[in-house]
Amino acid sequence: MIGFIGAMQVETEGIIKMMTDTKAETYAGIEYTTGKLLGKDIVVATCGVGKVNAAVCAQCMIFAYKPEVIINTGVAGSLSNALNIGDIALGCCSIQTDMDTSPVGDPLGLISGLNLIELPCDAATVEKLEKAAKTLGIQYQIGKISTGDQFVNSNERKKFIQDNFGCIACEMESGSIAHVCLMNGVKFAVIRSISDKADNSSHMDYGEFVKIAADNSIRMVKAFVEEA
Ligand code: ADE
């Protein structure tokens, strides 16, 4: 079973529409749709925006469906000159860039318990995702993905994340899904398509391009499952 989590309906409904033999169940107010995509067993959930929603969703998915891998899919702001609207950011790891216990001596972004800043993606899954991007002929970059409980909408915050963490894209869920997956020994990866540049006008671009970007991440899901 492969698990897919998106924050918003626009990021998941295109996957659910392609599925057959579907069945829906609800845990903690989140709907999980199981079924087949291109003959493979998958489960898809729309978790809601932000780290806590994403963490609850990932933990329920692991308890209820025991996926061997969870892939977070959806849109992101670009922090890289190589990533324009509609391009794909593939995570090598996710970082919770709003985590900060530096006043008591820790490095920025350190996750207590795991004792990690960079929460790694499964290398073999990233390799398959890269192959899917190549097959689609879509522009992509592999790098660190920033997660935080804020929509990045200023050049200052963008620069802070770039300078301190070297991330290529920013969003609000993958770092907490990665965290839950690591705690449970489940493989994790993240696909994000660019909806905006995470700058002072990101809210305007986001409104215009979120659907195009979300559709590209769904194309990646299909191409990945085809090869899986
Ligand atoms: N998702 C899409 N664009 C984003 C941004 N600029 N900040 C956080 N999450 C996002």
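Residues numbered from 1 in each chain as written. Predicted model: local features only at pLDDT ≥ 70, side-chain atom pairs only at ≥ 80, totals over all residues. Heavy atoms only, no water.

Trainee: Tell me what's going on with the layout of surface pockets, and back it up with residues and numbers.
Mentor: Approximately 220 Å³ is the volume found for the largest pocket. Those elements giving two or more residues to the lining of the largest pocket turn out to be strand S5 (69-78), strand S9 (167-171) and strand S10 (187-196). In terms of residue class, the lining of the largest pocket is made up of eleven nonpolar, three polar and five charged. (1 Å grid on protein atoms, 1.4 Å probe; cavity = no way out; pocket = protein on both sides within 12 Å on 5 of 7 lines; lining within 4 Å. Points joined across faces, edges and corners; volume = space filled by probe spheres on them. Helix = DSSP H or I, 4+ residues; strand = E, 2+ residues; numbered from the N terminus. Nonpolar A, V, L, I, M, F, W, Y, C, P; charged D, E, K, R; others polar.)

Trainee: Hey, could you go over the packing of helix H3 (residues 123-136) against helix H6 (residues 202-227) for me, with residue numbers and the actual values?
Mentor: In the contact formed by H3 and H6, the axes pass within 9 Å of each other and the chain directions differ by 115 degrees. With respect to their mutual orientation, H3 and H6 come out roughly perpendicular. With respect to the hand of their crossing, H3 and H6 are arranged in right-handed fashion. On H6, the residues touching Thr125, Lys128, Leu129, Lys131, Ala132, Ala133, Thr135 and Leu136 of H3 are Arg219, Met220, Ala223, Phe224 and Glu227. Class assignment for the residues of the contact of H3 with H6 results in seven nonpolar, two polar and four charged. (Axes fitted to C-alpha atoms, helices over the stretch in contact; angles between N-to-C directions. Parallel < 35°, antiparallel > 145°, perpendicular 65-115°, else oblique. Left-handed = near helix turned anticlockwise from the far one by under 90°. Contact = heavy atoms within 4.5 Å.)

Trainee: Tell me about the pattern of salt bridges, and name the residues and values.
Mentor: Enumeration according to the criterion identifies eleven salt bridges in this entry. The shortest N-O distance in the salt bridge between Glu118 and Lys144 comes to 2.8 Å. Here Glu118, found in the loop between strand S6 (88-96) and strand S7 (119-120), pairs with Lys144, found in strand S8 (residues 140-147); they are 26 residues apart in sequence, far enough to count as distant. Its relative accessible area of 36% is what places Glu118 among the partly exposed residues. Classification of Lys144 by relative accessible area gives partly exposed; the value is 26%. Put simply, Glu227 and Lys131 hold a salt bridge, and the shortest N to O gap is 3.7 Å. Placement of Glu227 in helix H6 and of Lys131 in helix H3 is noted, with a sequence separation of 96 residues between them. (Salt bridge = Lys/Arg side-chain N within 4 Å of Asp/Glu carboxyl O. Buried < 20%, exposed > 50% of the residue type's maximum accessible area, 1.4 Å probe, protein only.)

Trainee: Residue-level account of the nonpolar core, with values.
Mentor: Generally speaking, soluble globular proteins have nonpolar side chains that are buried together. With 33 residues, the main nonpolar core has Ile5, Tyr32, Met61, Ile70 and Ile177 as its most contacted residues. For this core, the secondary-structure elements that each account for two or more residues are strand S3 (30-37), strand S4 (40-46), helix H2 (51-65), S5, S9, helix H5 (174-184) and S10. Broken down by element, the residue count for this core peaks at seven residues, all from H2. The next biggest cluster of nonpolar side chains, apart from the first, holds 23 residues, and it includes Leu90, Leu129, Ile218 and Phe224. (Core = buried A, V, L, I, M, F, W, Y, C linked by side-chain atoms within 4.5 Å.)

Trainee: Account for the pairing of S8, naming residues and giving values.
Mentor: Two elements, S6 and S8, share eight bridges in a ladder whose sense is parallel. From the neighbouring strand, Gly91 faces S8, where its bridge partner is Gly143. Looking at chain direction, S8 and S9 are connected through four bridges and run parallel. Each residue of the ladder has a partner; that of Lys144, found in S9, is Cys167. (Pairing = 2+ DSSP bridges.)

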